[in-house]
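# Tertiary structure, described
Letter by letter, the chains look like this.
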Amino acid sequence: MRRVVITGIGTVNALAKDVPGTFAALTEGRSGIGPLGFRDADRLTIRIGAEVRDWDPAAHLPAANLPLYDPVTQYALVAGAEAVAMAGLPFGLGARGGVILGTAAGGISTWEDSYRAVFAEGRNRVSPLVVPRLMHNAPASHLSIAHGLQGPVFAVSSACASANQAMGLALQQIRSGAADVMLTGGAEAMLCFGGVKAWEGLRVLAPDMCRPFSLGRKGMVIGDGAGVLVFEEESHARARGATVLAEVAGFAMTADARDIVAPDPDGAAAAMRGALADAGLSPADIGHINAHGTGTLANDRSESLAIVRVFGDHAPPVSSTKAAHGHGIGATGAFEAIACILALSRGILPPTLGFQAPDPECRVDLVHGVARGARVNAVISNAFAFGGLNAVLVLRQA
Amino acid sequence: MTAATRAEIEAAVITILAAQLLLPVSDVAPDARLDDLGLDSLGKVEAIFALEERFAISIPFNANEPDLPEFDFATVPGIVDGVAGLIAAR
C-alpha cells in the first residue's frame with residue numbers, strides 16, 4: 001500500500017496566524033477565546049468566541065482578488081500558503097495534485113451580508129460575486145488555483161467531522177493512486193451574527209469559557225480559522241528531499257444512524273477501532289489522544305465512555321485543545337491534527353484549558369493546567385459531528 | 001398588555017409541550033414530569049423557544065447544566081412558575 005506522509009502544515013486561527021505562533025500558544029496554554037467583536041454582537045446572548053483578531057486580508061492576499069474571497073477562503077489561502085511553503089512544494093503538480101477541504105458553513109457571512117442588503121436594507125441587488133464567494137468549494141478551488149493543482153478538488157461538509165473526513169478522503173486519494181499530493185484540512189468563518197444566533201438556539205454554547213471534560217462546563221465556544229496540511233505519497237516526498245513531519249497511518253469513519261444531535265458512544269468507539277485497524281496498530285501503540293472534547297455534557301461523557309471501551313483502564317493521556325483555538329466546526333479537525341504534529345514532533349501534549357475539577361463521569365487521564373512532556377510514537381485525533389458522524393485519524397512518527 | 005394569569009400560562013405551557021410530544025393536551029397533566037412525558041433534548045429546546053416567543057421572555061436554560069437549572073424545566077408546575085417569574089420581571 002502507498003504510504004502517506006505530511007510534509008507541510010499551515011494555519012490561521014484565534015491563537016496565531018501561523019504554525020509557530022499556534023505551537024507556542026498551545027505549549028504555553030494560552031486561549032484565543034475572548035469577547036466577540038463583529039457587527040451586532042451586542043444583540044447576542046452568547047458574546048464570546050475564538051475570533052481571528054486584527055485580521056487584515058490585504059496584508060496577506062492580492063488586493064485585486066479580495067472581492068472574490070469570503071473570510072473562509074481568505075483563511076484557507078493564507079494557511080495553505082504557509083503549508084505549501086513549509087513543504088517546499090513545487091508549483092504546478094497538475095493532475096497529480098488535489099485539494100479536499102472541510103467546511104460546515106462555507107461563506108456564511110456572504111449569505112448574511114446579501115440577505116441583510118435585500119431584506120433589512122431594502123436594496124434590490126447584491127454583489128455579482130455572491131455565488132462564487134459563498135459556495136462551499138470556494139476555499140478548495142482557490143487553493144487549487146493558487147497552487148496549480150488539477151486533480152481531485154472538492155469540499156466536504158459534515159458539520160464538526162468535516163476536516164477529519166476531508167483528511168481521510170485525501171489519504172484515500174493518495175493511497176489509491178489518484179493523486180500524489182493533496183492539500184487538505186478545513187476552513188470555517190462562522191463567527192458572524194447569524195452564525196452565532198443559530199447556535200444559540202440549541203442551548204449548547206458556553207457564556208463564559210470552554211471547559212472540556214471538567215465539572216462546571218457550560219458548553220462549547222466557536223472558533224474561526226483554517227488549517228491546511230500537505231499530504232504526500234512517501235516516495236514522492238523522499239525523492240524531492242522534503243522534511244517529513246509525520247505519517248498519516250490510518251483513518252476510519254462511522255455513522256451512528258440514531259439521533260441527529262445526540263452522540264452515541266458505540267459509533268465513536270467503532271470509528272476509533274476502525275482507524276487503529278486501518279493503521280495496523282493496537283490500542284497500546286497509541287501515546288496520546290486529541291479528543292473531540294467540545295466541553296458539552298453530551299460529548300464529553302459519550303467520548304470518555306468510548307475511549308474507555310477502546311483503550312480500557314490504561315488509556316493514553318487525553319487533551320482537548322478546543323478551549324485554546326475554539327471549536328472550529330468544519331475546520332476543527334485540522335487545528336487538532338496540527339496539535340498532534342506538536343505532540344509527535346516535539347513531545348508536547350498541549351493542556352486542556354478551562355479545567356476546574358474532574359468529572360467522575362469522564363474517566364480519562366486529562367492533560368490540563370500545563371503541557372505534559374511525553375515521547376509518543378502514534379496519536380489519534382477524534383472528530384464527532386451532529387448527524388451522528390464519527391471520523392478518526394491516526395498519525396505516527398514517520 | 002395585561003399580565004397573563006397563572007391559568008393562562010399553565011394552559012400555554014401544556015399546549016406547547018403537547019405540540020412537541022404530538023399528544024392531545026388532555027394527556028399532559030398540570031403536575032406532569034417532563035421525563036415521564038418523554039420529551040427529548042431537541043423537543044425541550046423547541047418548547048423553550050416556543051415559550052419565549054409566546055411570552056416575549058428569555059429563558060436562561062443551558063443544556064450542559066441540567067443539574068444546576070437557573071430555570072426548573074423538570075415539571076409543568078416548575079415551568080409555569082419560571083415563566084410567571086420571568087413575565088413579572090419583564
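Parameters at a glance
Residues numbered from 1 in each chain as written. Chains lettered and ligands numbered in written order. Predicted model: local features only at pLDDT ≥ 70, side-chain atom pairs only at ≥ 80, totals over all residues. Heavy atoms only, no water. Pairing = 2+ DSSP bridges. Helix = DSSP H or I, 4+ residues; strand = E, 2+ residues; numbered from the N terminus. Contact = heavy atoms within 4.5 Å. Axes fitted to C-alpha atoms, helices over the stretch in contact; angles between N-to-C directions. Domains from an automatic or database assignment. Buried area = accessible area lost by both parts, 1.4 Å probe. Salt bridge = Lys/Arg side-chain N within 4 Å of Asp/Glu carboxyl O. Polar contact = N/O pair within 3.5 Å; in protein donor to acceptor, adjacent residues only side chain to side chain. Buried < 20%, exposed > 50% of the residue type's maximum accessible area, 1.4 Å probe, protein only. Expected span 1.5 Å × (residues − 1).

### Structural notes on the sheet that holds strand E4 (residues 97–102) of chain A
Residue and element names in this part refer to chain A. Spatially, E5-E4-E6-E7-E1-E8-E14-E13-E9-E10 is the arrangement adopted by the 10 strands of the open sheet, whose pairing is mixed. Strands with a single pairing partner mark the edges of an open sheet, and in this sheet they are strand E5 (153–156) and strand E10 (318–319). Bridge analysis of strand E1 (residues 4–13) against strand E7 (residues 225–233) gives nine bridges, and the strand direction is antiparallel. If you follow Asn13 over to E7, its bridge partner there is Gly225. Contacts from helix H2 (residues 71–87) reach E1, E4, strand E6 (181–188) and E7, with the element oriented near 140° to E1. Docked against the sheet, helix H9 (residues 265–279) engages strand E8 (246–255), strand E13 (378–385) and strand E14 (389–396), running at close to 145° with respect to E8.

### Some details on the domain arrangement of chain A
Residues and elements named next belong to chain A. For chain A, the domain assignment lists domain 1 (4–239) and domain 2 (249–396). One C-alpha centre belongs to domain 1, the other to domain 2, and the line joining them spans 21 Å. The interface is formed by 61 residues belonging to domain 1 together with 66 residues belonging to domain 2. Here domain 1 and domain 2 share an interface that buries about 4600 Å² over both sides, 70% of which is from carbon and sulfur atoms. There are three salt bridges connecting domain 1 and domain 2. Across the salt bridge formed by Arg217 and Asp359, the nearest N and O atoms sit 2.8 Å from each other. There are 18 residue pairs in polar contact (both at pLDDT 80 or more) connecting domain 1 and domain 2. Of all the secondary structure elements, the ones that give two or more residues to the side of domain 1 that touches domain 2 are E1, helix H1 (19–28), helix H6 (162–176), E6 and E7. Among the elements that take part in the side of domain 1 that touches domain 2, H6 stands out by supplying 10 residues, more than any other.

### Remarks on the environment of A:Gly186
All names here are of chain A. Relative to the helices and strands, Gly186 is located in strand E6. Overall, the relative accessible area of 0% leaves Gly186 in the buried class. Taking the C-alpha atoms as reference, Gly186 lies 7.5 Å from Ala76; in sequence the two are 110 residues apart. Setting aside residues up to four positions removed in sequence, Gly186 forms contacts with Leu101, Gly102, Ala163, Gly225, Ala226, Gly227, Gly330, Ala331 and Ala334.

### Description of helix H4 (residues 76–88) of chain B
Residues and elements named next belong to chain B. Compared with the 18 Å implied by 1.5 Å per residue over 13 residues, the 18 Å span of H4 between its first and last C-alpha is a close match. Buried within H4 we find Val76, Gly78, Ile79, Val80, Gly82, Val83 and Ile87. Elements in contact with the buried residues of H4: helix H1 (6–21), helix H2 (34–37) and helix H3 (41–55). Between the side-chain oxygen at the start of H4 and the backbone nitrogen of Gly78 there is a gap of 2.9 Å, and the oxygen is on Thr75.

### Some details on the environment of B:Val13
Residues and elements named next belong to chain B. Tracing the sequence through the fold places Val13 in helix H1. A relative accessible area of 1% places Val13 in the buried class. C-alpha separation for the pair Val13 and Val76, spaced 63 residues apart in sequence, amounts to 7.3 Å. Non-local contacts of Val13, meaning those with residues more than four positions away in its chain, are made with Leu51, Val76, Ile79 and Val80.

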